[in-house]
Amino acid sequence: MNILFMGTPEFAVPSLEKLIEAGHQICGVFTQPDKPKNRGMKLLPTPVKVCAQAHGIPVHQPVKLRDGTALALIQALDPELIVVAAYGRILPDDILAYPAKGCINVHSSLLPKYRGAAPINWAVLNGDAETGVTIMHMASELDAGDIIAQRATPIGPNEDAQALYARLADLGGSLLVETVAAIERGSASRTPQDGAQATLAPMLSKELSPMDWTHTAQELHNQVRGLIPWPAAVTELGGKRCKVFSTVTETAPEGAKPGAVLEAGKGGVLVACGGNTALRILELQPDGGKRMKAADYLRGHPLPLG
């Protein structure tokens with residue numbers, strides 16, 4: 001099938017690669033403009049652009065989608081189907097209406113749950129035991145289109161959002177290939193979403209970072225896992241601000257005050273939490289420092305108990 005692919009980050013790369021492996025003709029790729037990154041502020045290509053160029057696929061990086069130039073380009077490419085995976089732009093109605101077989105999207109949740117920008121993170125933040133991917137027809141309203149296919153996967157009790165991101169990217173690519181084949185055969189199903197069941201997954205911010213030790217250890221463990229790699233959960237240890245990257249939950253002694261340091265040594269830092277629970281910090285990153293084991297950090301920054 002002649003497909004125009006739209007995507008930007010690493011999440012979208014497996015979808016593009018699996019479409020190529022399945023033998024589809026990718027007539028072009030739309031991705032976000034290159035952005036300056038790192039200390040030198042050098043313009044870096046998006047992961048999808050790098051992948052497309054490696055396969056010799058023409059890459060287009062329109063700044064605007066609503067001034068007619070993007071539509072004219074799409075008309076020239078004349079795709080049968082547009083596939084979108086984490087493109088980061090909302091497609092206007094004239095583009096949605098163009099391909100004969102429509103526009104479909106790879107979304108990293110079991111819709112209608114977690115519509116929006118950060119579904120993977122919010123599934124972990126909320127302590128969900130399961131998530132998945134959805135392939136849907138695109139509509140004007142964000143992530144509200146009819147569902148074609150879904151596939152669920154459990155979330156490991158210690159799995160963080162970064163690891164889950166990689167798994168869902170691969171799962172989404174596999175389900176996408178199956179769905180495109182069904183569309184090509186004319187056998188793809190179409191199920192409207194129940195809007196009453198919809199929940200939102202808004203963009204993350206640093207306001208989510210501070211750890212409140214009156215919460216239970218499980219809630220804080222979910223916060224740590226859900227905010228990796230950015231903005232990361234943050235706390236102060238001995239007056240030093242640290243990002244927290246790895247934790248395990250434990251039981252606290254009866255009457256332990258939330259926020260009290262119960263242990264600080266080779267096993268990391270054990271802190272009392274609400275509900276007679278405790279959280280053991282295994283990996284952290286102090287401001288201005290590198291990510292390290294908490295035990296290594298304590299060698300240069302001893303932490304008094306209490």
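Predicted model only: the values in this text are computed from it and were never measured.

What counts, and at which threshold
Residues numbered from 1 in each chain as written. Predicted model: local features only at pLDDT ≥ 70, side-chain atom pairs only at ≥ 80, totals over all residues. Heavy atoms only, no water. Helix = DSSP H or I, 4+ residues; strand = E, 2+ residues; numbered from the N terminus. Buried < 20%, exposed > 50% of the residue type's maximum accessible area, 1.4 Å probe, protein only. Contact = heavy atoms within 4.5 Å. Areas by Shrake-Rupley, 256 points an atom, 1.4 Å probe, with all protein chains shown as cover. Lys, Arg positive; Asp, Glu negative; His and termini not counted. Charge placed at Lys NZ, Arg CZ, Asp CG, Glu CD. Pairing = 2+ DSSP bridges. Axes fitted to C-alpha atoms, helices over the stretch in contact; angles between N-to-C directions. Salt bridge = Lys/Arg side-chain N within 4 Å of Asp/Glu carboxyl O. Parallel < 35°, antiparallel > 145°, perpendicular 65-115°, else oblique. Left-handed = near helix turned anticlockwise from the far one by under 90°. Nonpolar A, V, L, I, M, F, W, Y, C, P; charged D, E, K, R; others polar. Core = buried A, V, L, I, M, F, W, Y, C linked by side-chain atoms within 4.5 Å. Phe/Tyr/Trp six-rings, centres within 6.5 Å; stacked < 30°, edge-to-face > 60°. Disulfide = S-S within 2.5 Å.

Take the overall build of the chain next. A tally of regular secondary structure across the chain gives eight helices and 15 strands. For the chain, with 306 residues in total, the buried portion stands at 49%. Taking all contacts inside the chain whose residues are at least 6 apart in sequence as the whole, residues at least 24 apart take part in 64%. Total accessible area computed for the chain in this model is approximately 14,500 Å², and 53% of it derives from carbon and sulfur atoms. When the 28 basic and 30 acidic side-chain charges of the chain are each reduced to a single mean position, those positions are 7 Å apart.

This part covers the sheet that holds strand E8 (residues 130-137). The strand order across the open sheet built from seven strands is E5-E2-E1-E6-E7-E8-E9, with neighbouring strands paired in mixed fashion. The open sheet has two edge strands, strand E5 (59-60) and strand E9 (147-154), and neither has a second partner. Where strand E1 (residues 2-7) and strand E2 (residues 25-30) come together, five bridges link them in parallel fashion. Paired with Ile-3 across the bridge in E2 is Ile-26. Against the sheet, helix H3 (residues 69-77) engages E1, E2, E5 and strand E6 (81-85), with an angle of about 170° to E2.

So, on to the pattern of salt bridges. Scanning all chains against the criterion turns up 12 salt bridges. Note that Arg-280 is salt-bridged to Glu-250, the shortest N-O span being 2.6 Å. Here Glu-250 lies in strand E11 (residues 240-251) and Arg-280 lies in strand E14 (residues 277-286), a separation of 30 residues in the sequence.

This paragraph deals with the packing of helix H1 (residues 13-21) against helix H2 (residues 47-54). It is the contact of H1 with H2, at a shortest axis distance of 9 Å, that shows an interaxial angle of 20°. When the axis of H1 is compared with that of H2, the two are roughly parallel. Judged by the sense of rotation from one axis to the other, the crossing of H1 with H2 is right-handed. Residues Val-13, Leu-16 and Glu-17 of H1 form the contact with H2, whose participating residues are Pro-47, Val-48, Cys-51 and Ala-52. In terms of residue class, the contact of H1 with H2 is made up of six nonpolar, no polar and one charged.

In terms of nonpolar packing, the biggest core is built from 43 residues, with Phe-5 and Ile-104 touching the most fellow members. For this core, the element with the most residues is helix H6 (residues 161-185), which contributes nine residues. Ranked by size, the runner-up nonpolar core spans 23 residues in total, among them Cys-273, Ala-294, Tyr-297 and Leu-303.

Once that is clear, we can look at unusual backbone geometry. With an omega of 15°, the peptide bond between Leu-111 and Pro-112 qualifies as cis. If you trace the backbone, Pro-112 turns up in the loop between strand E7 (103-107) and helix H5 (119-125). Look at Asp-78: it is not a glycine, yet its phi comes out positive at around 50°. Although it is not a glycine, Asn-276 adopts a positive phi angle of roughly 55°. Take Asn-276: it is sitting in the loop between strand E13 (268-273) and E14.

This paragraph deals with the packing of aromatic side chains. Applying the stated criterion to the full structure yields one aromatic pair. Ring centres of Phe-11 and Tyr-165 lie 5.7 Å apart, and the angle between their planes is 65°; this geometry places the pair in the edge-to-face category. Separated by 154 residues along the polypeptide, Phe-11 in the loop between E1 and H1 and Tyr-165 in helix H6 bring together distant segments of the chain. The class of Phe-11 is buried, set by a relative accessible area of 4%.

We now examine the side chain of Gln-32. Its place among the elements puts Gln-32 in the loop between E2 and strand E3 (35-37). For Gln-32, the contacting residues outside a window of four places in its chain are Thr-8, Thr-46, Gln-61, Tyr-87, Gly-88 and Arg-89.

Moving on: the environment of Ile-82. With respect to the helices and strands, the residue Ile-82 is situated in strand E6. Take Ile-82: its relative accessible area is 0%, and that puts it in the buried class. Setting aside residues up to four positions removed in sequence, Ile-82 forms contacts with Leu-4, Met-6, Ile-74, Ile-95, Pro-99, Gly-102, Cys-103 and Ile-104.

This next bit is on the pairing of strand E10 (residues 233-237). Of all the five residues making up E10, four are buried; the element is thus mostly covered by neighbouring parts of the structure. In sequence, E10 turns back onto E11 through a hairpin of two residues, with Gly-238 there showing a positive phi of about 60°.

What is meant by a disulfide is a covalent connection between two cysteines, made through their sulfur atoms. Tallied over the full model, the rule gives zero disulfides. Sulfur of Cys-103: no disulfide; nearest cysteine sulfur belongs to Cys-27 and is 12 Å away.

Now for the pairing of E6. For E6, the buried fraction is high: five of the five residues fall into the buried class. Side chains of E6 alternate between two faces, with Leu-81, Val-83 and Ala-85 and Ile-82 and Val-84 buried alike. Across five bridges, E1 lies against E6 in parallel orientation. Paired with Phe-5 across the strands is Val-83, a residue of E6. Pairing between E6 and E7: four bridges, direction parallel.

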